[in-house]
Amino acid sequence: MIYNAALYCRLSKDDNNVGDSSSIATQKDMLTRYAAEQNFCVYDIYVDDGYSGTNFDRPAFQKMKQDIEDGKVNLVITKDLSRLGRDYIISGQLIEEYFPKHNIRYIAITDGFDSLDKYNDIAPFKNVVNELYARDISKKIRSAFETKMKEGKFIGNFAPYGYKKDDNDKNKLVIDEETAPIVQYIFKLAEEGYRPIDIARTLNDKHILPPALYRCSKNPKLNVDDYSKRKEWTSSNIQKMLKNITYIGHTAQHKTTKISFKSKVTVANQKQDWIIVENTHQPIIDKRTYEIVQKTIVSRRNPPKSDFKNIFSGIAVCADCGSHMSTTGTRKKDSKYNLVCGRYKLYGSKECTNHFIDYDVLYQLVLSNINKHIQITTESRKKILERLERPHNDSSVTKKRLGALEKRKSEIQTVIQKLYEDNYLGKINKDHFNMMISSLTQEETQIDAELSVLQQKSNESEYDKYNRFFKLLDNFSHLTELDQETVKRLIDVIYIHQGSYQTVNGIKTKEQKIVIKYKYIGKSIIA
């Protein structure tokens, strides 16, 4: 068989500590020599330099996958299994599912792994060890960062607007003479009573580069699209700056935490969990000005005019952009509030159109529609359920995922059994044994939880969904008014479309499409 090989090289910043043995140059040399010795044709060499093994969104890796799917290569070679990745779940899926599906032979040279060898069981163990290494490195890096934070050292990738990193100490902030005056100008306007949106408009009118664009102008390698969608000053930019204690010489860090070393997702920490160190660098704003601005921000908040509560909060959304509908005043005499697209309210017509609806109109419409469903007769419900009662076919996606999870669970159980055997025979270090067993057991628990959800989902037919919906309706009789709890129990989302005005016989009327998506039935009811 003729093999067209993809030679894949990866090096992360953490791997730089191990010397030249894993350098990109060394990997390239090893892979090309091996391919020549085995008479493999080299289609291309793919290099991801500076990318973690827990990140599979690497550009060269994605390009290689595209070439695999286009049928350009049928062999992938890496120096070892860890070059492919350090997440043993995804690495296992690549080796056990993705490569076989695309008829790809995979070789990891120094680990002695070749997918053609059916008796080679080393990959699962190696992948677990590789992930444990990545997990250990992540813990050490996090601990080192927290130590630096507590010492008042700045550890962010980029200095806050108005500052730059000291050329002699990357963990120290010094004033950026180019942008610090703009920060002072922003605080001056705020002190004079300008609203954040007014300050943003003023800066945009003066063609002053906002923080993201300024940063990218100083770092040509950065792609501005990765850091800014609007590419202009916004009220949210201004509000964050006005509240930032960095400008009075203090450092506040540890505001967010990654949920896992394998995930990019971060969650916000409570303010009491922030690491704040005072007087770490030269201030741009004096404390008096800062305190005046904070009081101005608080006083600018409008106190509620009444005990009004928007029962559609979190439920009603703009049908075009997906933003939540926000309450706003209205000039209509017989109405107190409108609901308007939140994005339009913040940014105007640049972001969306004025999807607004009279709050009372929406209230009455939803109330009427819910009552219409409550009043469906027992006989009508029976006919609907009889029509829906038929064998249920699982979706192919759900079936595929169920199969993959069940296969992975079987693999884990096999690996665990082998680990216990090796531990009994003294072939494995006790600490490694305990760590791997703990990690595998945790994964098996997560798989069981997901299997439970998917099995319930795959077994739930349209009949089941409508039956659950009708049982939910049984908790209600004819409603004379709505509250937020009732709305949330019955409805998943309400889509508000853009309205239009029509004049017929001299009478102006508004036409607007409202879509109500009820619980369980997964079907939108047009109101």
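This one's a predicted model, so the numbers in the text were calculated from it and none came from an experiment. (Residues numbered from 1 in each chain as written. Predicted model: local features only at pLDDT ≥ 70, side-chain atom pairs only at ≥ 80, totals over all residues. Heavy atoms only, no water.)

For Asn39, which is not a glycine, the phi torsion comes out positive at approximately 60°. Mapped onto the fold, Asn39 is located in the loop between helix 1 (24-37) and strand 2 (41-49). Accessibility expressed as a relative area gives 68% for Asn39, which makes it exposed. Although it is not a glycine, His254 adopts a positive phi angle of roughly 60°. Along the chain, His254 falls in the loop between strand 8 (251-253) and strand 9 (256-258). (Helix = DSSP H or I, 4+ residues; strand = E, 2+ residues; numbered from the N terminus. Buried < 20%, exposed > 50% of the residue type's maximum accessible area, 1.4 Å probe, protein only.)

A separate point is the pattern of salt bridges. Inspection of the entire model under this criterion finds 17 salt bridges. One network of salt bridges, in which partners are shared, links Asp44, Lys63, Asp67 and Lys72. (Salt bridge = Lys/Arg side-chain N within 4 Å of Asp/Glu carboxyl O.)

With that settled, the discussion passes to the environment of Leu75. Here Leu75 lies in strand 3 (residues 75-78). Linking Leu75 and Tyr3, residues 72 residues apart in sequence, is a C-alpha distance of 6.1 Å. Leave out the neighbours within four places in its chain, and Leu75 touches Tyr3, Asn4, Ala5, Ala6, Phe40, Ile104, Arg105 and Ile107. (Contact = heavy atoms within 4.5 Å.)

Side chains of a nonpolar character, in soluble globular proteins, are inclined to be buried together. Counting 38 residues, the largest nonpolar core has Phe312, Leu362, Val366, Ile370, Leu482, Ile491 and Ile494 as the members making the most contacts within it. Of all the secondary-structure elements, those providing two or more residues to this core are strand 12 (316-318), strand 14 (337-341), helix 12 (359-374), helix 13 (378-388), helix 16 (462-473), helix 17 (484-490), strand 16 (491-496) and strand 19 (514-518). No other element matches the seven residues that helix 12 contributes to this core. Residue contacts for Leu362: discarding those within four places in its chain leaves Phe312, Leu339, Ile357, Ile494, Ile496 and Ile514. If you look at the next biggest cluster of nonpolar residues, it comprises 28 residues, including Tyr161, Ile186, Phe187 and Leu203. (Core = buried A, V, L, I, M, F, W, Y, C linked by side-chain atoms within 4.5 Å.)

Here we take up the packing of helix 6 (residues 180-191) against helix 9 (residues 235-243). Look at helix 6 against helix 9: their axes get within 11 Å of each other, and the N-to-C directions meet at 95°. Accordingly, the angle class assigned to the pair helix 6 and helix 9 is roughly perpendicular. In this structure, helix 6 uses Val183, Ile186, Phe187 and Ala190 to contact helix 9, whose residues at the interface are Ile238, Met241 and Leu242. Residues that form the contact of helix 6 with helix 9 fall into these classes: seven nonpolar, no polar and no charged. (Axes fitted to C-alpha atoms, helices over the stretch in contact; angles between N-to-C directions. Parallel < 35°, antiparallel > 145°, perpendicular 65-115°, else oblique. Nonpolar A, V, L, I, M, F, W, Y, C, P; charged D, E, K, R; others polar.)

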